[in-house]
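# Working through the structure, step by step
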Amino acid sequence: MTNPFSLAGRTAVVTGGTGGLGGARARGLGAAVAGGLAAAGARVGILGRRAARAAEVAGEIEGTGGSAFAIPADVLDRDSLLQARAETLNQGDTVDILVNAAGGNVPEATVFGDISFFGLSREAFDQVVGLNLTGTLLPTQVFSEPMASQGRGSIINISSMAAQQPLTRVMGYAAAKAAIDNFTRWLSVELALNHAPGVRVNAIAPGFFVGEQNRALLMEPDGSLTARGQQIVDHTPMGRFGEPDELAGIAVWLAGDGSRFVTGTVIPVDGGFSAYSGV
Ligand SMILES: NC(=O)c1ccc[n+]([C@@H]2O[C@H](COP(=O)([O-])OP(=O)(O)OC[C@H]3O[C@@H](n4cnc5c(N)ncnc54)[C@H](OP(=O)(O)O)[C@@H]3O)[C@@H](O)[C@H]2O)c1
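Now for a description of the structure that goes with this document. Only a predicted model underlies this, so the values are computations on that prediction, with no experimental measurement involved.

## Looking at the packing of helix α3 (residues 78–92) against helix α4 (residues 122–150)
A pair of packed helices is characterised by two quantities: the angle between their axes and the separation of those axes. Axis separation between α3 and α4 bottoms out at 9 Å; the angle between their running directions is 30°. The angle between α3 and α4 places the two elements in the roughly parallel class. Crossing geometry of α3 relative to α4 is assigned as right-handed. Residues R78, L81, L82, A84, R85 and T88 of α3 lie in contact with α4, whose contacting residues are L138, P139, Q141, V142, F143, E145 and P146. Partitioning the contact of α3 with α4 into residue classes produces eight nonpolar, two polar and three charged.

Below, the structure written as structure tokens:
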């Protein structure tokens, strides 16, 4: 029997693979997922706007015996994505896996302090929806085309706890991530019915992981929890935030043959947050 978790011979692209500040402990979620896919045998393209950071993450993966390459691109710029696709096909002949991890909140689209719902900026709302939704749509259009031609592929979107049950404050972000869940289901059906049943689309809904974008919301400068951070930990049955590496296993499973009959799902990785009513 073949190993259902092996990604040997597969080529993956991870948008948002440049996330985090650098170094294993400060990796963003995309970089941690990229490391996991490489550890399972995939050759991984690290996609983000910061070319130097993409090269750094690819170098870290190569340094641990994995295979990776940098593909600087902007998820909102179709031409740069087409260029990244050409570079990827040059490296590995195929694209088998796409992880859409580029995304995040935009502080100006958050109802907090001086920003009330009534005054929320249209530009900030468009920006957060653009990055999370259009920034998933465009790479998916570009990289799923070769998958449909070869009849096989796995697309993994990154949703959020804010999608199914909106979180306070992050209005634009919650709306954009809810759209990601909908898009995940829609595209899984569209590709299977009209293009290639072997191209699957799923999403991971991470719970709370301390990162560059949300550190100030969750932690005080001295490392203690903010009131919101404490509320989250209290509502997480496992009693802590997640570590980026804890997304790697689910991504490896969704990427490979172990999940070959799984499409159209959104899977929480949240320490039980979404299962807990608080009582
Ligand atoms: N941290 C959490 O608790 C959490 C929870 C749920 C969901 N998520 C989601 O997980 C994903 C990764 O989050 P993270 O915490 O790891 O964030 P992060 O460290 O801030 O990383 C964000 C990534 O998005 C990329 N990006 C932003 N705009 C881009 C653009 N126009 N083109 C290409 N890449 C772009 C950045 O790369 P460049 O700057 O190099 O372009 C970076 O790699 C996001 O979708 C986020 O919403 C995070």
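What follows continues from the structure just given.
## Examining the site of the ligand
By nearness alone, 28 residues border the ligand, and T18, L29, R49, Y173 and Q213 come closest of all. Separating a nitrogen atom of the ligand from a side-chain N or O atom of D74 is a distance of 2.8 Å. Measuring from an oxygen atom of the ligand, one finds a side-chain N or O atom of N214 at 3.3 Å. For the ligand, the accessible surface in isolation is 880 Å², of which the surrounding protein chains cover 92%. Here the residues of the shell around the ligand sort into eleven nonpolar, twelve polar and five charged.

## Topic: the nonpolar core
One finds L7, L37, V44, I46, V99 and I204 to be the most contacted residues of the largest nonpolar core, which totals 32 residues. Look past the residues within four positions of L37 in its chain and what remains in contact with it is L7, A12, V14, A42, V44, I97, V99, A251, V252 and A255.

## Some details on the pairing of strand β4 (residues 97–100)
The alternating pattern of β4 places I97 and V99 on one face and L98 and N100 on the opposite face, and all of these are buried. Here four bridges tie strand β1 (residues 11–15) to β4, and the two strands are oriented parallel to one another. Looking at β4, one finds that A12 is bridged to I97. In this fold, the crossover linking β4 to strand β5 (residues 153–158) by way of α4 has right-handed handedness.

What counts, and at which threshold
- By convention here, each chain's residues receive numbers from 1 onward along its written sequence.
- For this predicted model, a pLDDT threshold of at least 70 governs which residues receive local features, and a threshold of 80 or more governs which side-chain atom pairs are given and counted, while totals over whole chains, interfaces and linings are taken from all residues.
- Values reported for side chains reflect all heavy atoms of the structure, with hydrogen atoms and water molecules removed beforehand.
- In this analysis, axes come from line fits to C-alpha atoms, helices being fitted only over the stretch in contact, and the angle between any two N-to-C directions falls in the range 0 to 180 degrees.
- Each helix is a run of H or I in the DSSP string that is no shorter than four residues. Each strand is a run of E no shorter than two, and both are numbered from the N terminus.
- Comment on the angle field: the value is read as roughly parallel under 35 degrees, roughly antiparallel over 145, roughly perpendicular from 65 to 115, and oblique elsewhere.
- In this scheme the handedness of a crossing depends on how the near helix is turned from the far one: anticlockwise by less than a right angle means left-handed, clockwise means right-handed.
- Should any heavy atoms of two residues lie within 4.5 Å, those residues are considered in contact.
- Side-chain classes are defined by residue name, with Ala, Val, Leu, Ile, Met, Phe, Trp, Tyr, Cys and Pro counting as nonpolar, Asp, Glu, Lys and Arg as charged, and the others, Gly among them, as polar.
- Here a residue is considered near a molecule or strand provided that any single heavy atom belonging to it is located within 4 Å of it.
- Throughout this description, a polar contact denotes any pair of N or O atoms lying within 3.5 Å of each other; where both atoms belong to protein, one of them has to be capable of donating a hydrogen while the other can accept it, and for residues adjacent in sequence the pair is counted only when both atoms sit in side chains.
- Note that accessible areas follow from Shrake-Rupley with a 1.4 Å probe, and for residues the cover is restricted to the protein chains shown.
- Nonpolar core, defined: a set of buried Ala, Val, Leu, Ile, Met, Phe, Trp, Tyr and Cys residues in which side-chain atoms within 4.5 Å join the residues together.
- Residue burial is assigned from relative accessible area. The probe radius is 1.4 Å, only protein chains are included, and a residue is buried under 20% of its type maximum, exposed over 50%, and partly exposed in between.
- The criterion for strand pairing is that DSSP finds at least two bridges linking the strands in question.
- With the strands aimed away from the viewer, a crossover counts as right-handed if its path from the first strand over the helix to the second runs clockwise.

By themselves these figures say nothing about function.
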